[in-house]
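Structural description and commentary
Given next are the chains, with one letter for each unit.
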Amino acid sequence: MIYVDADACPVKAEVERVGTRHKLKMFIVSNGGIRPSQNPFVETVVVPDGPDVADMWIADRATAGDVVITGDIPLAARCVENGALALKHNGEALTAKNIGNALATRDLMTDLRAADPFRQGGGKPFGKADRARFLDALERAVRAAARQ
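Scope of this entry: the structure provided in the associated data block. Treat the numbers as computed from the prediction; the structure is a model and nothing was measured.

Quick word on the side chain of Asp5
Locating Asp5 in the fold gives a position in strand β1 (residues 2-5). The buried charged residue Asp5 lacks any salt bridge partner; its closest oppositely charged side chain belongs to Lys12, at an N-O distance of 9.5 Å. Within polar-contact distance, the side chain of Asp5 engages the side chain of Thr70 at 2.9 Å.

A short note on the environment of Val80
Topologically, Val80 is positioned in helix α3 (residues 73-81). It is 8.8 Å that separates the C-alpha atoms of Val80 and Ala62, two residues lying 18 residues apart in sequence.

Some details on the packing of helix α1 (residues 12-21) against helix α5 (residues 128-147)
A pair of packed helices can be characterised by two numbers: the angle between their axes and the separation between those axes. Their axes nearest at 10 Å, the elements α1 and α5 cross at an angle of 30 degrees. Classified by the angle their axes make, α1 and α5 are roughly parallel. Seen along the crossing, α1 lies across α5 with a hand that is right-handed. Counted together, Glu14, Val15, Arg17, Val18 and Arg21 of α1 and Arg131, Phe134, Leu135, Leu138, Glu139 and Val142 of α5 form the full contact between these two elements. For the contact of α1 with α5, the per-class residue count stands at six nonpolar, no polar and five charged.

Details of the side chain of Ser30
Within the fold, Ser30 resides in strand β2 (residues 26-30). Residue class for Ser30 comes out buried when judged on its relative accessible area of 1%. Polar side-chain contacts of Ser30 include one of 3.1 Å to the backbone nitrogen of Gly32. Setting aside its immediate chain neighbours within four residues, Ser30 contacts Ala6, Asp7, Val45, Val46 and Val47.

Remarks on the pattern of salt bridges
Per the counting criterion, the structure on display carries eight salt bridges. Across the pair Arg21 and Glu139 runs a salt bridge whose closest N-O atoms are separated by 2.8 Å. You can see Arg21 sitting in helix α1 and its partner Glu139 sitting in helix α5, a full 118 residues away along the chain. Here Lys25 and Glu43 are joined by a salt bridge, their closest N and O atoms 3.3 Å apart. Here the residue Lys25 occupies a position in the loop between α1 and β2, and Glu43 occupies one in strand β3 (residues 42-46), the gap between them amounting to 18 residues. Exposure remark for Lys25: the relative accessible area of 30% places this residue in the partly exposed category. Residue class for Glu43 comes out partly exposed when judged on its relative accessible area of 33%.

Reading the values: the criteria
Residues numbered from 1 in each chain as written. Predicted model: local features only at pLDDT ≥ 70, side-chain atom pairs only at ≥ 80, totals over all residues. Heavy atoms only, no water. Helix = DSSP H or I, 4+ residues; strand = E, 2+ residues; numbered from the N terminus. Buried < 20%, exposed > 50% of the residue type's maximum accessible area, 1.4 Å probe, protein only. Lys, Arg positive; Asp, Glu negative; His and termini not counted. Salt bridge = Lys/Arg side-chain N within 4 Å of Asp/Glu carboxyl O. Polar contact = N/O pair within 3.5 Å; in protein donor to acceptor, adjacent residues only side chain to side chain. Axes fitted to C-alpha atoms, helices over the stretch in contact; angles between N-to-C directions. Parallel < 35°, antiparallel > 145°, perpendicular 65-115°, else oblique. Left-handed = near helix turned anticlockwise from the far one by under 90°. Contact = heavy atoms within 4.5 Å. Nonpolar A, V, L, I, M, F, W, Y, C, P; charged D, E, K, R; others polar.

Purely geometric stuff here, so don't read any function into it on its own.
Here it is in structure tokens:
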């Protein structure tokens, strides 16, 4: 199965395309505002409003053989701990080997942003190269999950 942390996810269409090709059940999980797909492999899950409710829904279900798409590092850590494969939107795999570093970097960046309230800007825009990298990574993750 594929679980998508869908709030602010720029690759839902790509996930649906790959998941459909492999005939995988996909769960698009959000707090609402996501248009349901007509695809029979896609189930849209709307969870109640609240901090991390969608994350908890995914983490409680994702296990070995599943793929989780999220930019949320703590969610990815819980899913990796459960044996699932986690991918960020840019195609970066989060694994048992690198999740600790990713969590530490996230915490450091949170502290740096808090220390400089006047800091402007954000990340670079999500482009075609990012989508291509994600599609390649998702294809590899789906094949790896099938082998588990």
